[in-house]
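# Observations on chain architecture
Below are the chains, spelled out letter by letter.
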Amino acid sequence: MTLLELVIAMAIFGVMMLGVAATIGSGLALTRTNRHRSIAANLAAQEMDSVRSDDFGDVAAGTQTVDVDGISYTVIREVTWVATSATSGPCDGTDGSPELLRVRVSVMWPDMGGVKPVVSDTTLTPPVGAYDPNTGHIGVKVLDRDAGPSFLVPVTASGPITQSTTTNSDGCAFFGYLPAGTYTVTLNGAGFVDRQSNVAPAQTLGVTVGNVSSVQFDYDEAATLTLTPLSSFLYPVPNDVSLTIANENLVPAKTKVYTGTGTPRSITDMFPFLDGYQAWTGKCADADPEGVMLDGDGLQIGDYWPGAVREPSLAVTAGAATVADVHMHDAQIHAQNSLGVALVGVPLVATHAADSSCAGGEVLQLGLTDAGGNLNIAIPFGTWTISVDGFAPFASWATVVIDPRGHAAVPHTAVAL
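Read on for a plain summary of the structure. Model, not experiment: these values are computed from the prediction.

Residues Met1, Leu4, Ile8, Ile12 and Met16 make up a contiguous nonpolar surface patch of about 570 Å² in total accessible area. Judged by its relative accessible area of 44%, isoleucine 8 is partly exposed.

Below is the structure:
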């Protein structure tokens, strides 16, 4: 009984000590947070003093790192023109010319654990005559894939004059008091892309006197697709097979073809669409399980594979890689001459005729036949002509149809006359 009482007492004591330890830990974390916030508030105040002491023309956006007792604090200064009656950011409308310079200082530190940065705001009135009233303005709105603001993206406006800045916490880059004319606005964020995989997207617009010209970009950290073409029986894959990815937002065809060699294949600079990407091998129209047939006028006249569907979309994450397999069809090919003698060690190719998606057709180097004249190989969906490389294209070359609605290995024969 004494031993049992001792065990129970130790268990109760242990539970109590866990609670005490948790309370102490929370208290220490709160103390650290309060200390960080106090230091951050002092740094924000120092930065504001620096802003007020600078000449008006020298006030500019920027980022700096300040070390305090071995902790690195990031001090971000945002500079944005606003109207005196503004109720939203200058990039969210064109209902007012800029009159005040808003300066926002944000201070952050490592391992904030959900604590918001310390923020300090002020507005500055430009001195009389500081800017020519016969000018216009550009508001650039930069959004991420979730339609949220993209922060600290470098933006350049080039025209009669050239200026550069970074987007603020609202995703806005504002260029005030520019000479009228045509300007090209370019983004250049390291590791970022727009919806069409452009790393430095640009738009051209005109600036008129007294008006705010607005432009918007969707721009986010690039995703990567690492894809491995793979057949059910793990047959070899043609080294030069193309990969096609699809998303409704890709223009003009909603698909994009990527050539290359080897497997796995990495496709970089992909915009991280919320609905991801679908992928298949081959670049011609019938390589797509949902491919459509078009007439000479580009009108749809039917489906290549009625009832077939693409594989599920591959989810992508901004700044990360998605690893996946892309499934192909298994083919067993036998090569022989007109006398029925197996062709040993001959190179086979698969040729696809031109269509609406591949104006020049597609040719795949399949490999060499073995000692029995056979070659097991993975082939994309579609209609292919199998021939011996280097021989004239006789009409008797075998034509095979790789149907996405069935994946069983089927033997085919290529006859060389």
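Sheet architecture is open: 4 strands sit in the order S22-S21-S24-S25, paired in antiparallel fashion. Sheet topology places strand S22 (362-368) and strand S25 (398-402) at the edges, where each strand pairs with a single neighbour. Going from strand to strand, the sheet's axes swing by 30 degrees on average, the running direction of each strand aside. Relative to S22, strand S21 (residues 347-352) runs antiparallel, the two being bridged by 6 bridges. Along S22, the bridge assignment pairs threonine 351 with valine 363.

So, about the packing of aromatic side chains. Applying the stated criterion across every chain yields a total of 6 aromatic pairs. Measuring from centroid to centroid gives 5.1 Å for tryptophan 81 and tyrosine 177, while their planes differ by 70 degrees, and the two rings are edge-to-face. In this pair, tryptophan 81 sits in strand S2 (residues 71-82) while tyrosine 177 sits in strand S8 (residues 172-178), placing the two residues 96 residues apart along the sequence. Of the residues examined, tryptophan 81 reaches a relative accessible area of 8% and is grouped as buried. Measuring from ring centre to ring centre gives 5.8 Å for phenylalanine 233 and tyrosine 235, while their planes differ by 70 degrees; the resulting arrangement is edge-to-face. On the basis of relative accessible area, tyrosine 235 is assigned to the buried category, the value being 13%. In textbook terms, an aromatic cluster arises when at least three aromatic residues are bridged by ring pairs, as seen for Phe271, Phe273 and Tyr277.

Bringing empty space enclosed by the protein into the picture now. Scanning the entire structure with this criterion turns up 1 cavity of 30 Å³ or more. In this structure, the largest cavity encloses a volume near 40 Å³. Lining the largest cavity are Ala61, Ile76, Arg77, Glu78, Val79, Phe151, Leu152, Thr166, Thr167 and Asn168. By residue number, the principal contributor to the lining of the largest cavity is S2, which donates 4 residues. Taken together, the residues of the lining of the largest cavity break down into 5 nonpolar, 3 polar and 2 charged.

This next bit is on the layout of surface pockets. Considering only enclosed or pocket space, the largest pocket measures out at about 510 Å³ in volume. Looking at the lining of the largest pocket, the elements with two or more residues in it are strand S14 (243-246), strand S15 (255-258), strand S17 (278-281) and strand S18 (292-294). Tallied by class, residues from the lining of the largest pocket come to 8 nonpolar, 9 polar and 7 charged. Reported here for the second largest pocket is a volume of approximately 420 Å³. Contributing to the lining of the second largest pocket are 18 residues, with Val59, Val79, Trp81, Gln163 and Phe174 lying nearest its centre. Taken together, the elements giving at least two residues each to the lining of the second largest pocket come down to S2, strand S7 (162-166) and S8. Among the elements that line the lining of the second largest pocket, the one with the most residues is S8, at 4 residues.

What follows covers the state of the cysteines. Within the structure shown, the criterion is met by 1 disulfide. Put simply, cysteine 284 and cysteine 358 are joined by a disulfide, and their sulfur atoms are 2.0 Å apart. Handedness here is read from the sign of the S-S torsion; for cysteine 284 and cysteine 358, about 105 degrees, the answer is right-handed. Of the two residues, cysteine 284 is situated in the loop between S17 and S18 and cysteine 358 in the loop between S21 and S22; the sequence distance between them amounts to 74 residues.

Calculation rules
Residues numbered from 1 in each chain as written. Predicted model: local features only at pLDDT ≥ 70, side-chain atom pairs only at ≥ 80, totals over all residues. Heavy atoms only, no water. Patch = residues over 30% accessible without salt bridge, like charges linked within 9 Å, V, L, I, M, F, W, Y side chains within 5 Å. Areas by Shrake-Rupley, 256 points an atom, 1.4 Å probe, with all protein chains shown as cover. Salt bridge = Lys/Arg side-chain N within 4 Å of Asp/Glu carboxyl O. Buried < 20%, exposed > 50% of the residue type's maximum accessible area, 1.4 Å probe, protein only. Pairing = 2+ DSSP bridges. Helix = DSSP H or I, 4+ residues; strand = E, 2+ residues; numbered from the N terminus. Axes fitted to C-alpha atoms, helices over the stretch in contact; angles between N-to-C directions. Phe/Tyr/Trp six-rings, centres within 6.5 Å; stacked < 30°, edge-to-face > 60°. 1 Å grid on protein atoms, 1.4 Å probe; cavity = no way out; pocket = protein on both sides within 12 Å on 5 of 7 lines; lining within 4 Å. Points joined across faces, edges and corners; volume = space filled by probe spheres on them. Nonpolar A, V, L, I, M, F, W, Y, C, P; charged D, E, K, R; others polar. Disulfide = S-S within 2.5 Å.

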